[in-house]
Amino acid sequence: MMIGETIRVAFQSIRANKLRAMLTMLGVIIGVAAVITVVAMGTGAQRSVEARINSLGANLIQIQAGQDRFAGVAREGGAPLTTDDADALLREVSSITAVVPEMSRNQQVVSGNQNINVSVVGTTANYPDARNYTITHGAMFTDGDNGSRQRYAVVGSEVPKMLDVPPAAIIGRTITIRAIPFEVIGVLSEKGSQGWQNPDEQILIPLNTARYRVMGTDRLRSIAVTVAEDVPQEQAMVDLERIMRREHKIRPGGVNDFQIRSPREFLATAEETTKTFSALLLSIAGVSLLVGGIGIMNIMLVSVTERTKEIGIRKALGATKIVIMGQFLIEALVLCLTGGALGIVLGWVMSQVVSDKLGWTTEISPTAVMVAFGFSAFVGLFFGLWPARRAAGLDPIQALRYE
Amino acid sequence: MAKDIKTTAERMAMLPADIPRDAVIVTRNLKREYVMGSEVVRALQGVDITIRRNELVAIMGPSGSGKSTLMNMIGCLDTPSEGEYWLNGHRVSELDDDALARIRNKEIGFVFQTFNLLPRATALANVELPMVYAGASGKERRQKAEHALEQVGLGNRMDHRPNELSGGQRQRVAIARALVNNPSIILADEPTGNLDSATSVEIMALFETLHDQGQTIILVTHEPDIAAHAKRQIVLRDGKVESDGSTLVEVSA
């Protein structure tokens, strides 16, 4: 019964000083809202990175030509990746399900009176499967097309727009790559920009066509490898490294002249970045909560002084120390928890605004909501304690005489 | 409160034999000293008084006589430096702050010169307050508070806040608040000090009515007119009892 009464009194005194209470709560509101928004942004960023990497193919391991070192000096083009490497990998590593060699170069592409410069990728028929593409119009070229060096092209989803042709109408058209005519036979699904490089602005042609007719080289930019689901990626990477070292005749202790990367590494890096960013913003939010707490302590001390007479009356009428302390603690707690609740609402609104206006993925985390709310309760108790003790310790005679 | 399982009669039986069994207030050689800077102020220098049930007593004296100190002592707001004080059989002189708070809640009804009502609470809520601290249920609180307000003639003003009431009405609310826990004594400190003379007369009449109903009332005042309402006047001077008895001419209300 006394608790209910005390809570009622606390709300009453907050209502009596609405503006002051609001300003006092502002620190806590901003702190809690910041925590929730930041965590929502962090969680959202992580989710979207995960989604992107999955769209690239999470099982995909990429091998790239590295720098060849000669006498400690990095040289370019010392030990290229070749189609032989790709063949060797497919032959020797049992955990591999597919090997996708990629030979790419930016080329001048002409269609009618349109002239664009895009990345032309010579690759094999399994490219769309390995990289999680589907064919939205037409079809992918086949292994047979590759073997017979057909001049077929499958274009990325942006290419028809760049050439000013509807996607459906581009099938069957002839485009020229380095003045060599190609027939467009398919359009890839859209991936969305990956930052500095847009995978939708590329044109796939059969590897052998690229090798013998367009680029005249067996040097690959990269080899993508997909690994069976049940094989640990780390183990597959070790196997790949072993075969690659043998193919490139690297002595034990010698430095690799290639790089093996998995999207999971990117994922880990992205997570690390997100965490650092979140930790930074969370510490700012923490400071805001701390400042909010000090504000609450300040106003509670003012409140105790202002209500000295009231405390005296209550004590004269039989309020014990613990009752007076409870009254002021609950008042601080009500301020903080109300601030916390408003902060949660504000944080939710801010997350929505961020995702609507900036197009960022945000995801409200229930843990963050609970932690923020719990922390504001802690702030209320911690910073309310001293003023409450001060109120409880007042001498009733002095307090009654206070004007 | 829980450890206080004895009845008033049982407690009274444990008091020294020379104390009357119907004594509500007993002080023995009550002394109170304050240290103010380097000086020791002897506010009370050995006060012996006994007040029996259903007495109406006025405590008088000029400022500096120790009147306020004695009132604080009787009101359990302060403890003596030396001597003993029994209130309704409780040996108050050796209680701690929280025990004193409980005694105040149960045994004493305060009426102050400046009313000391909570400004934001209604008359009813103000009167309920002592019962909140006594731990009474909401229903019981409401019933008793309404009854007390009716007793002081404010049955139709229960939902008014102090600033919507006249001075006399505020003091009636304070008296209702003092009555509501059915205390052993009502301790009124200059209860008419902030009231005009007509209202003072009404308030004094109310005290007399309560006295006639069996209430023990102690008036602390420096006004002879007010003190004259009491059958017995205790006059303090320099921290000692100067006179105790029916020495003043009684003025009828």
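Going by the structure above, here's the rest.
A few points on the structure. Since the model is a prediction, treat every value here as computed from it, not as a measurement. (Residues numbered from 1 in each chain as written. Chains lettered and ligands numbered in written order. Predicted model: local features only at pLDDT ≥ 70, side-chain atom pairs only at ≥ 80, totals over all residues. Heavy atoms only, no water.)

## Observations concerning the interface of chain B and chain A
Reports of interface size often rely on the accessible area that becomes lost once the parts have come together.
Turning to step 1, where the next piece is worked out: Contact residues are listed per partner, giving 24 residues for chain B and 24 residues for chain A.
Turning to step 2, where the next piece is worked out: In total, about 2100 Å² of surface goes out of reach between chain B and chain A, with carbon and sulfur atoms giving 62% of it.
Turning to step 3, where the next piece is worked out: Three residues stand out in chain B for area buried against chain A, namely Leu77, Arg120 and Tyr133 of chain B, and they jointly supply 31% of the buried area on that side.
Turning to step 4, where the next piece is worked out: Between the two partners, chain B and chain A, sit one salt bridge.
Turning to step 5, where the next piece is worked out: Across the pair lysine 321 of chain A and aspartate 97 of chain B runs a salt bridge, and its minimum N-O distance is 3.3 Å.
Turning to step 6, where the next piece is worked out: Inspection of the region where chain B meets chain A yields six residue pairs in polar contact (both at pLDDT 80 or more).
Turning to step 7, where the next piece is worked out: Going through the elements one at a time, α3 (97–107) and α4 (123–134) of chain B are the ones with two or more residues in the side of chain B that touches chain A.
Turning to step 8, where the next piece is worked out: Take the side of chain B that touches chain A: its biggest share by element is six residues, from α3 of chain B. (Contact = heavy atoms within 4.5 Å. Buried area = accessible area lost by both parts, 1.4 Å probe. Salt bridge = Lys/Arg side-chain N within 4 Å of Asp/Glu carboxyl O. Polar contact = N/O pair within 3.5 Å; in protein donor to acceptor, adjacent residues only side chain to side chain. Helix = DSSP H or I, 4+ residues; strand = E, 2+ residues; numbered from the N terminus.)

## Structural notes on the sheet that holds strand β6 (residues 108–111) of chain B
Residue and element names in this part refer to chain B.
Turning to step 1, where the next piece is worked out: Read across the sheet, six strands follow the order β6-β7-β8-β3-β9-β10 without closing on themselves; strand pairing throughout is mixed. Two strands lie at the open edges of the sheet, namely β6 and β10 (240–245), each paired on one side alone. The average angle at which neighbouring strand axes cross in this sheet is 20°, direction not considered.
Turning to step 2, where the next piece is worked out: Bridge analysis of strand β3 (residues 56–60) against strand β9 (residues 232–237) gives four bridges, and the strand direction is parallel. Bridge pairing links valine 57 to arginine 232 in β9.
Turning to step 3, where the next piece is worked out: The sheet contacts of helix α6 (residues 167–179) involve β6 and β7 (185–189), and relative to β6 the element is tilted by about 170°. (Pairing = 2+ DSSP bridges. Axes fitted to C-alpha atoms, helices over the stretch in contact; angles between N-to-C directions.)

## Concerning the sheet that holds strand β5 (residues 90–91) of chain B
Residues and elements named next belong to chain B.
Turning to step 1, where the next piece is worked out: Strand order in the open sheet formed by four strands is β2-β1-β4-β5, with antiparallel pairing between adjacent strands. The open sheet terminates on both sides in strands that have one partner only, identified here as β2 (39–52) and β5.
Turning to step 2, where the next piece is worked out: For strand β1 (residues 23–36) and β2, the ladder comprises eleven bridges, and the chain directions are antiparallel. If you follow glutamate 33 over to β2, its bridge partner there is arginine 42.

## Re the side chain of serine 111 of chain A
All names here are of chain A.
Turning to step 1, where the next piece is worked out: Inspection of the secondary structure puts serine 111 in strand β5 (residues 96–111).
Turning to step 2, where the next piece is worked out: Given the relative accessible area of 5%, serine 111 is considered buried.
Turning to step 3, where the next piece is worked out: Leave out the neighbours within four places in its chain, and serine 111 touches Leu163, Arg173, Thr174 and Ile175. (Buried < 20%, exposed > 50% of the residue type's maximum accessible area, 1.4 Å probe, protein only.)

## Considering the pattern of salt bridges
Turning to step 1, where the next piece is worked out: Counted according to the given criterion, the structure contains 27 salt bridges over all chains.
Turning to step 2, where the next piece is worked out: We note a salt bridge from aspartate 18 of chain B to arginine 28 of chain B, for which the minimum N-O separation is 2.7 Å. Within this pair, whereas aspartate 18 of chain B is found in the loop between α1 (8–13) and β1, its partner arginine 28 of chain B is found in strand β1, the two being separated by ten residues in sequence.
Turning to step 3, where the next piece is worked out: Salt bridges linked by common partners bring Arg307, Glu310, Arg314 and Glu331 of chain A together as one network.

## Structural notes on the environment of leucine 90 of chain A
All names here are of chain A.
Turning to step 1, where the next piece is worked out: Within the secondary structure, leucine 90 is located in helix α3 (residues 83–92).
Turning to step 2, where the next piece is worked out: A sequence separation of 150 residues divides leucine 90 from leucine 240, and the C-alpha atoms of the two residues are 9.9 Å apart.
Turning to step 3, where the next piece is worked out: Excluding residues within four positions of it along the chain, leucine 90 makes contact with Ile96 and Val99.

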